[in-house]
Amino acid sequence: MSSFGRRVHRQLVDSKYLPLPANAGYFFPTMALKGTPLDFAKKRVRIRHNISAPLGVVLLLPLVVIFIVIRFIQVPSNGILLPSRSRLPEIRAINDTIDAPFVVGCQVPDTSRPRANAVLVILARNKEINGVIDSMKSVERHFNRWFHYPYLFLNDVEFNSTFKATVLNYTESKVEFGVIEKELWDFPSWADQEEVKESIALQGDAAIMYGGMESYHHMCRFYSGKFYKHPMLAKYDWYWRVEPDVKYFCDITYDPFLYMEEKGKVYGFTIFIKELVDTVPNLFRFASGYRRSHNITSQGLWEVFLQKDSEGNEEGPKTSSVDDQFRIPEPEIIDPEAMNGEKYNLCHFWSNFEIAKLDFFRSKEYNDFFEMLDRSGGFWNERWGDAPVHSLAAGIFLAPSQVHYFRDIGYRHTTIQHCPGNAPRKQLPRTPYIRDPKNKKDLEEDRYWDHWDIDRENGVGCRCRCDTDIIDVEVNDGTCLPSWVDSVGGWA
């Protein structure tokens with residue numbers, strides 16, 4: 001028995017709560033209480049020479065510690081201490097009649113099938129080489145080491161030899177490098193260049209995010225309506241956009257391009273959030289006006305981008321009843337941000353990750369839509385991003401069944417991430433991915449991914465290991481996921 005135990009035992013004996021047997025060793029015999037159990041619990045015992053505590057507290061403290069360990073900490077099979085399932089946000093199942101994960105959990109990658117006619121596109125500058133390498137390592141580790149899709153790097157200037165040589169060292173896939181010609185990158189010749197510069201400068205003065213950066217305006221306009229016209233993309237049917245400095249959390253053990261083809265999908269996303277209102281003050285006016293002027297009937301996706309009233313209904317034109325003619329009309333309150341009674345909820349598919357069919361962007365309908373937006377001057381007078389442009393175009397031209405939520409793909413860019421829970425009972429052993437077995441850093445990075453997260457109810461991911469410094473966007477205040485879920489049948 002410890003010295004502390006002996007002190008407690010001796011004080012119990014001295015207080016007559018515990019009789020000392022004749023052969024008194026330092027063991028706890030059966031306690032013979034004299035008085036009530038409460039008296040027993042209140043009895044103070046000396047822990048140290050100047051510290052005492054009620055006996056009940058002393059006896060209960062170990063039980064409390066054990067409860068906390070069991071309740072809040074779990075040790076999975078990989079030996080890594082993790083928060084228990086009860087501390088993690090609940091994962092809600094989504095109705096899968098219209099859209100469902102292509103694969104739940106892991107499968108052995110099927111590399112025997114012919115590849116889709118697809119490419120991974122990275123728009124980058126020479127100085128972004130470190131961020132590019134981080135993204136490539138993540139894509140290769142979690143997906144492309146099995147499927148070997150080609151990369152196409154684009155820049156508005158030539159890539160230098162260092163950039164090219166470094167990139168080629170991080171993949172076994174085919175790699176191409178292209179320059180974006182001025183007619184695809186620069187603002188149109190018919191635009192007033194002085195007005196362009198002044199508008200961008202004013203946005204910088206107003207502290208609009210990236211509003212004062214001319215290069216950012218060029219990039220947004222290029223991805224909104226020009227990238228698919230680049231001659232080096234002409235031979236491809238599908239593209240997967242990859243940004244510098246992105247991170248993937250889960251293994252993607254299937255070919256998303258083939259599943260998109262087979263399921264009749266056109267556009268795929270993994271994060272659905274709200275845009276900054278001061279970047280797109282008039283974008284919705286033009287998009288809504290285009291839809292009405294061309295008499296385009298919604299197929300169910302347009303409503304995803306409409307702000308709902310307090311009862312959860314889309315705000316829109318009010319219908320009249322017979323009784324209305326007998327009512328005294330109330331003064332009309334005009335919402336300056338509304339179009340024909342509809343108001344933009346600022347939701348958009350975050351397009352720095354998107355997998356899409358290029359024919360959607362190449363279509364006459366999409367290009368007419370983009371040309372209308374371009375003529376409005378919003379790409380420089382305001383700071384329209386390609387994400388809301390792509391999203392509102394999808395809302396106009398596509399049905400929910402043509403859009404896919406890659407819920408199983410864990411993804412992070414800057415401080416926003418989506419990371420699904422791992423699918424229960426659908427995890428498979430992982431094959432190491434080590435570029436250089438002699439490189440200690442490569443070995444450490446690969447060992448990190450050997451310890452994936454615990455599986456979770458309604459999880460759909462494969463061997464995901466999520467970052468824990470930020471909350472998943474699915475349960476964040478800025479998420480638009482409920483609007484998407486409503487369009488595909490609601491929560492299951």
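Conventions we followed
Residues numbered from 1 in each chain as written. Predicted model: local features only at pLDDT ≥ 70, side-chain atom pairs only at ≥ 80, totals over all residues. Heavy atoms only, no water. Patch = residues over 30% accessible without salt bridge, like charges linked within 9 Å, V, L, I, M, F, W, Y side chains within 5 Å. Areas by Shrake-Rupley, 256 points an atom, 1.4 Å probe, with all protein chains shown as cover. Salt bridge = Lys/Arg side-chain N within 4 Å of Asp/Glu carboxyl O. Helix = DSSP H or I, 4+ residues; strand = E, 2+ residues; numbered from the N terminus. Buried < 20%, exposed > 50% of the residue type's maximum accessible area, 1.4 Å probe, protein only. Phe/Tyr/Trp six-rings, centres within 6.5 Å; stacked < 30°, edge-to-face > 60°. Lys NZ or Arg CZ within 6 Å of the ring centre and 35° of its normal. Pairing = 2+ DSSP bridges. Axes fitted to C-alpha atoms, helices over the stretch in contact; angles between N-to-C directions. Core = buried A, V, L, I, M, F, W, Y, C linked by side-chain atoms within 4.5 Å. Contact = heavy atoms within 4.5 Å. pLDDT = per-residue confidence, 0-100. 1 Å grid on protein atoms, 1.4 Å probe; cavity = no way out; pocket = protein on both sides within 12 Å on 5 of 7 lines; lining within 4 Å. Points joined across faces, edges and corners; volume = space filled by probe spheres on them. Disulfide = S-S within 2.5 Å.

A few words on a nonpolar patch on the surface. A grouping of Leu 60, Leu 61, Leu 63, Val 64 and Ile 66 is seen on the molecular surface, where their side chains present a nonpolar patch of about 480 Å² in accessible area. Examined against the element boundaries, Ile 66 turns out to sit in helix H3 (residues 55–72). For Ile 66, a relative accessible area of 48% corresponds to the partly exposed category.

Before going further, it helps to spend a moment on the packing of aromatic side chains. Tallied over the full model, the rule gives 55 aromatic pairs. Here the aromatic rings of Tyr 290 and Phe 369 are separated by 5.4 Å at their centres, their planes lie at 70 degrees, and the arrangement is edge-to-face. Here the residue Tyr 290 occupies a position in helix H10 (residues 283–293), and Phe 369 occupies one in helix H12 (residues 364–376), the gap between them amounting to 79 residues. Assessed through its relative accessible area of 0%, Phe 369 is described here as buried. Geometry around Tyr 223 places Arg 241 over its ring, the cationic atom sitting 3.6 Å from the centre. Over the ring of Tyr 170 we find Arg 435, and its NZ or CZ is 4.0 Å from the ring centre.

With that settled, the discussion passes to the pattern of salt bridges. On inspection of all chains with the given rule, the structure shows 23 salt bridges. For Arg 291, the salt bridge identified is with Glu 342, shortest N-O distance 3.4 Å. One end of the pair, Arg 291, is in helix H10; the other, Glu 342, is in the loop between H10 and strand S12 (347–349), with 51 residues separating them in the sequence. Classification of Arg 291 as buried rests on a relative accessible area of 12%. Residue Asp 467 pairs with Arg 412 through a salt bridge whose shortest N-O separation is 2.9 Å. Here Asp 467 is found in the loop between helix H15 (440–449) and helix H16 (481–487), whereas its partner Arg 412 is found in strand S15 (residues 411–413), with 55 residues between them in sequence. Residues joined in a network through salt bridges with shared partners are Lys 137, Arg 141, Arg 430, Glu 445, Asp 446 and Asp 450.

What follows concerns the sheet that holds S15. Reading across from one edge, S9-S15-S16 is the order of the three strands in this open sheet, with antiparallel pairing throughout. Looking at the sheet topology across the chains shown, the edges are occupied by strand S9 (246–248) and strand S16 (416–418). Here the average twist between neighbouring strands, direction ignored, is 10 degrees. One ladder, built from three bridges, connects S15 with S16; its direction is antiparallel. Bridge pairing in S16 links Tyr 411 to His 418.

For the rest of this paragraph, the subject is the nonpolar core. Side chains that are nonpolar tend, in soluble globular proteins, to be buried together. One finds Phe 227, Tyr 239, Phe 272, Phe 305, Phe 361, Phe 369 and Trp 484 to be the most contacted residues of the largest nonpolar core, which totals 65 residues. Leave out the neighbours within four places in its chain, and Tyr 239 touches Val 119, Val 121, Tyr 223, Phe 227, Phe 257, Glu 354, Ile 355, Ala 356, Leu 358 and Phe 361. Listed in part, the 43 residues of the second largest apolar core include Trp 146, Phe 163, Leu 258 and Met 260.

We now examine the confidence of the model for the protein chain. Of all residues in the protein chain, 79% have pLDDT values of 70 or greater, and the mean over the chain is 86. Every residue in residues 16–33 scores below 50 in pLDDT, and together they form 37 contacts with partners more than four places removed in sequence or on other chains.

Moving on to the layout of surface pockets. When its volume is computed, the largest pocket comes out at roughly 1000 Å³. Elements with a minimum of two residues in the lining of the largest pocket: helix H8 (214–225), strand S11 (272–274) and helix H14 (386–397). If you tally residues by element for the lining of the largest pocket, the top one is H8, at five residues.

We now examine the state of the cysteines. This model, assessed by the stated rule, comprises four disulfides. Each sulfur of the disulfide joining Cys 419 and Cys 466 lies 2.1 Å from the other. Looking along the S-S bond of the Cys 419-Cys 466 disulfide, the torsion reads about -80 degrees, which is the left-handed sense. Here the residue Cys 419 occupies a position in the loop between S16 and H15, and Cys 466 occupies one in the loop between H15 and H16, the gap between them amounting to 47 residues. Look at Cys 419 and you get buried, because its relative accessible area is 7%.

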